[in-house]
Every structure is written in C-alpha cells, then in structure tokens.
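# Topology and contacts: notes
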Amino acid sequence: MIQAVRGTNDILPQEVMRWRFLEEKARSVFGRYGYEEIRTPIFEETELFIRSVGETTDIVEKQMYTIPEEGGMGITLRPEATAPVVRSFLQHNLAHEDRVQKLFYIGPMFRHERPQKGRLRQFHQIGVEVLGSGHPSLDVEVIDLLSSFLSEMGLSGAHFKVNSVGCRVCKPKYGELLKESLKSKVHALCGNCQRRFEKNVLRVLDCKNEICQAALENIPLLPDVICQDCRNHFDQVELLLAELGVSFTLAPKLVRGLDYYTRTIFEVTHANLGAQDAIAAGGRYDHLVESLGGPSVCAVGFGMGMERMLLALQNELEGKILPVRPFLFLASLGEQAFQLNFLLQKELRKLSILSEIDYEAKSFKSQFRRANKLGVKYVLIRGEDEIARKVVKLKNMVSGMEEEVSAEHVVEIILSQIKNQLSKTNELTPPTPLK
RNA sequence: GCGGCUAUGGUGUAAUGGUAGCACGAGAGACUGUGGCUCUCUUAGUACGGGUUCGAAUCCCGUUAGUCGCCCCA
C-alpha cells in the first residue's frame, strides 16, 4: 500500500480542528498587534537560500529539497520563510513605503532530515517579520507578541531565553576571542566541538556535553564583550521586556544556527517536547536585506513550529474546540420518505441548519442509534404513515417526547425551536448522547 | 546522515518455536416504526520481502515506518 512519504503527515479532520484553532488565534493576536499576512510561494530560486541562510549551514549543505532547472542552481522547496519574505519585500519595493512593514506568514516548510517527534520533513511554521527599523523596541514587541500568543493559546510552561550575538563587527571578533580562549583546551572538547571549533566556533557554547561546558568556564560571554552600540541595544531590550512583564532568562550561551542573525536572538522551549524542545525561535537580522541586494534595512522576526506548538499544548485545547454537531437527524423509512427528507435537508441548509440523514435505507433502530451518537437535539421521523397524513414527527432526544407537526410547516417549526433554544441558553448547545 | 529500540484487527493489548486470544470500537439483531444499559451474532490482524525449522507473531537477514539519542533545528 502506498503511504505518505517519510516525514510527512496527514492531518485528519479531528486534528484539523486543532490546527484551525491555532491559525485563527494567530491571525487574531497578530492582527491586534498590527501585523499583516503575507503569502509567498513554497519554492524559490535555490540561490536565495544559499545567500541568506548561509552556505555552510546544515540546511543548505544537506537538507534542501532542490529541483534542478536548466541554467542556474534550480529551485528549492523553502526550508524557512524569512528569506522568501525578504525577497518579496524587495521585489515589490516595500522598502520605499514610508513605514515599518509588519508581516506574518503561515505555511509549510521543507527540510530533508531524519524524522523524529517534533521534526518532520514537511512541517509548518507561523512566523513574523518586521522590516524597516533597528529599534530595540521592535525586538521587544516581537517577543511580547509571541509571549501573548502563547498565553492566549493557553500554553503554560513555555520558557523564553534571550541573548545578543552582537553585530557584524563584534560578532566575528567574539568568535576570534572564543577561539583564542579555547585554543589550549581543544583536545579536551568532544569530537563534535573539535569540528565546531574549526567550522563555527560559536556553536561550542551550547554543546550539551559536560566536558565542553566545563571547558567553557571562565570564558568571556557574549553580552559582556559585544560592542557599546550592541550593548546599549541589548540593555534597552532587557529593560523593555521587564517593563512589559515578559518573563525571560538571559542565556549568554544561546546561539543560533542561521548565519544572518545579529544582536538580539531568542528561543522558546517547552518541556513536553524532548530533544527537539524549541517551539519558536528568532532574532534580529540587520544585514540580510542588504546582502540580498536591497537597501540597508534592519529587521527582526521569529518562526514558530506549529507541530511543536500542538505537541506542547497536548490536551490543553480540550474544551476550547467545540465539535460541530448537527441540530437534527432526518430519519426516514422508505424511498419516498427519504426523498422528501433529502429535499428538506436542502431547505435546512439554506437556513444554515445542520442536519444529518441516512443514505443507506437502514432500520429506524439503526438511524436512531446514529442520531444518538451524533448528539442531535431532534430527530425528524418520516415513514409511509406520516406521508399519507402529510405530517412528520419531531422527537426531542433529551426529553424523549414526540410530537406530530404539519409536513408543510416543518421548517418554520424547526426554526422556532432553534430560536427558542437560543433565547433560553444563549447558545446552541447540543445534548450529550445518552450512555 | 550516524547509533539504539520497536512494529499483532480501526484502537489498546495477550500468546516457552506448536490452535493468533481479549477489551474497546464498528455493524446486525433480541415481540418486524424508535436511542441508553444488558445479551447474542458478525466484522477485522502478526508492516513488507527473504531465510532457518517438521513447524515462526516468536529466531536470523534485508526493506519500510515509527520512536529515542547524536547532528541540526521549528
């Protein structure tokens, strides 16, 4: 049997309800902060990612789904969305508009990695990008936005970590400093870190290995050695975050994998997730726009993994997502009765009244069983007897009472029942099925 | 990409190398036109492909998928 390709998932109807809740909540919270949705293609020129994400990153080196095309480097299924958003920003000259662009996106991303829980080959991100200002208040706004979103989703236990990696002047300087400090201890480091030492020395900082962490003792930390401008920027970020009441931890050893980050970086982790514990991460990228051929425009943003978010939420969405239940079930016995019910269903649909019907000519017993499982408030009963007398029966599934009503006026009667119920309970709450 | 573990009806689980069973679910029925409970019946499975063996769910190899850790990252 053909199955979904490794690392991809079907999202079945029940699960889709959770996804829609997440998406709709994001649109509403982000909208309140003045962010507008942008949709870019799911594939781009390969070169875009090479130039933005970084040539020597794992993403570019081995995780991209690239389709060769004549002339050029081919096209690539987007592994992240910051670069496409920046590309779109440049292509449509949004930089020329005299305002800060506040954008968000929702959609699938693709990375060819070994799948694990919370790590898929097609996964989904909700992300935010602010282009056009280097002001620290925007770093803070974006973090605050994320924090509000998480708490509005009802997620507890999220942990914010914040750091500054400096600008394009002091970031490389720090790398050299770190190399210098570690030089004598290289051989004590784990195998990975010996490689990192050569390739990307900053990554040694967040190695989980105890030996490496021990070697890092007494080493100068990023926030202490970044340049004065970066230091001032970071001070502002810390101050404003505290004033907004966003709780966070200073994580001086936090670094990020993507090359383009400058100054503020942050990560949100959650204990429900295991090894892939980051549900969202982001930071400032003040030179990406320029390096993609645009003007010198500062920017900041984050990406959030939707699958990881839903994992972290586990059962916390229960009760917040109401199942859609039909209001009534149309039971029929005989072909003619079915046809009348089928036509009636169309009338009900015009009035947005959700009903269910049995298409298989099953027994009344079976139809009632199903009606009960569906949790409908009423069953409309129509058999030969009722047809002959131009009536239908309406059975209240809660009280068990049955009444006969004129077939001609049944739609109005159902409508008035709904209105009646609305005025009583102020909402349409279907009964729970009998157990 | 590397290493470990796992794979039994739709779901959750049993079965020293010797009859694949149980629960839930689903379907039908129990004075022929009425829900729940109960009862009866039905349904459906050893992931795939090889091998060892008189005999394999069970042992071996490969594949696929999941999972955990590494790498990396959302």
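The following refers to the structure shown. These numbers come from a predicted model, not from an experiment. (Residues numbered from 1 in each chain as written. Chains lettered and ligands numbered in written order. Predicted model: local features only at pLDDT ≥ 70, side-chain atom pairs only at ≥ 80, totals over all residues. Heavy atoms only, no water.)

What follows covers the pattern of salt bridges. Evaluation of the coordinates by the stated rule reveals 27 salt bridges. As a salt-bridge pair, E267 and R256 come within 2.7 Å of each other at their nearest N and O atoms. One end of the pair, E267, is in strand β9 (residues 262–270); the other, R256, is in the loop between β8 (249–250) and β9, and eleven residues separate them in sequence. By relative accessible area, E267 is classed as buried at 11%. (Salt bridge = Lys/Arg side-chain N within 4 Å of Asp/Glu carboxyl O. Helix = DSSP H or I, 4+ residues; strand = E, 2+ residues; numbered from the N terminus. Buried < 20%, exposed > 50% of the residue type's maximum accessible area, 1.4 Å probe, protein only.)

This part takes up the packing of aromatic side chains. Aromatic ring pairs: the centre-centre distance and the angle between the two ring planes describe each pair. Overall, the coordinates contain nine aromatic pairs when judged by the stated rule. Aromatic pair F266 and F302: ring centres 6.3 Å apart, planes at 65 degrees, arrangement edge-to-face. Here the residue F266 occupies a position in strand β9, and F302 occupies one in strand β11 (residues 299–305), the gap between them amounting to 36 residues. By way of ring pairs, the aromatic residues F30, F104 and F149 are connected into one cluster. (Phe/Tyr/Trp six-rings, centres within 6.5 Å; stacked < 30°, edge-to-face > 60°.)

On to the nonpolar core. Counting residues in hydrophobic clusters, the biggest one holds 56 residues, and the most contacted among them are V86, L131, L178 and L182. Per-element tally for this core: the top contributor is helix α4 (residues 82–91), with five residues. Residues within four places of V86 in sequence aside, it is in contact with L131, Y285, L288, V289 and L292. By size, the runner-up hydrophobic cluster in this structure holds 42 residues, among which are Y35, L146, V162 and V300. (Core = buried A, V, L, I, M, F, W, Y, C linked by side-chain atoms within 4.5 Å. Contact = heavy atoms within 4.5 Å.)

Next up on the list: the sheet that holds strand β4 (residues 75–77). With antiparallel pairing, the three strands of this open sheet are ordered in space as β2-β4-β3. Strands at the two margins of the open sheet, each flanked by one partner only, are β2 (43–45) and β3 (66–67). Bridge count between β2 and β4: three bridges; the pairing is antiparallel. Residue pairing across strands places E44 opposite T76, the latter belonging to β4. (Pairing = 2+ DSSP bridges.)

Moving on, we come to helix α6 (residues 170–182). The end-to-end C-alpha distance of α6 is 18 Å, a good match for the 18 Å that 13 residues give at a rise of 1.5 Å each. On the buried face of α6, the contacting elements are α7 (191–199), α8 (210–215), α9 (222–225) and α10 (228–244). (Expected span 1.5 Å × (residues − 1).)

The subject of this paragraph is the environment of D58. Take D58: it is sitting in helix α3 (residues 58–62). D58 sits in the partly exposed class, given a relative accessible area of 35%. Each residue touching D58, except ones within four places of it in the same chain, is listed here: Q63 and K199.

Once that is clear, we can look at the state of the cysteines. Going through the model one piece at a time under the given rule, you end up with zero disulfides. Take C170: it sits in no disulfide, and the sulfur closest to it among the cysteines is that of C167, at 3.5 Å. Owing to a relative accessible area of 5%, C170 belongs among the buried residues under this scheme. The structure places no disulfide on C193, whose sulfur is separated from the nearest cysteine sulfur, that of C207, by 3.4 Å. (Disulfide = S-S within 2.5 Å.)

Okay, helix α12 (residues 306–313) next. Here α12 lies mainly inside the structure; seven of its eight residues are buried. For α12, the complete set of buried residues consists of M306, E307, R308, M309, L310, A312 and L313. Positive phi appears at Q314, one or two residues downstream of α12, with a value of about 45 degrees.

Before going further, it helps to spend a moment on the pairing of strand β16 (residues 402–406). Here strand β15 (residues 391–396) pairs with β16 via five bridges, running antiparallel. Bridge assignment links V391 to a residue of β16, and that residue is S406. From the end of β15 to the start of β16, which pair antiparallel, there are five residues, and G400 there has a positive phi angle of about 85 degrees.

Contact pair helix α1 (residues 13–32) / helix α5 (residues 136–152): the axes reach a minimum separation of 10 Å and the direction vectors enclose 140 degrees. Put simply, α1 runs oblique to α5. Where α1 crosses over α5, the handedness of that crossing is right-handed. Together, L22, K25, A26, V29, F30 and R32 of α1 and L145, F149 and E152 of α5 make up the contact between the two elements. In terms of residue class, the contact of α1 with α5 is made up of six nonpolar, no polar and three charged. (Axes fitted to C-alpha atoms, helices over the stretch in contact; angles between N-to-C directions. Parallel < 35°, antiparallel > 145°, perpendicular 65-115°, else oblique. Left-handed = near helix turned anticlockwise from the far one by under 90°. Nonpolar A, V, L, I, M, F, W, Y, C, P; charged D, E, K, R; others polar.)

You can see L310 is positioned in helix α12. Residues L310 and L22 lie 288 residues apart in sequence; the distance between their C-alpha atoms is 8.2 Å. Every residue in contact with L310, bar those within four places of it in the chain, is listed here: E15, R18, W19, L22 and L317.

Here the focus is the sheet that holds β8. One open sheet holds the eight strands; their spatial order is β1-β5-β6-β11-β10-β9-β7-β8, and the pairing between them is mixed. This sheet does not close on itself; its edge strands, each paired only once, are β1 (36–37) and β8. Sheet analysis places β9 next to strand β10 (residues 278–284), joined by six bridges and oriented antiparallel. Counterpart to T269 in the pairing with β10 is A278.

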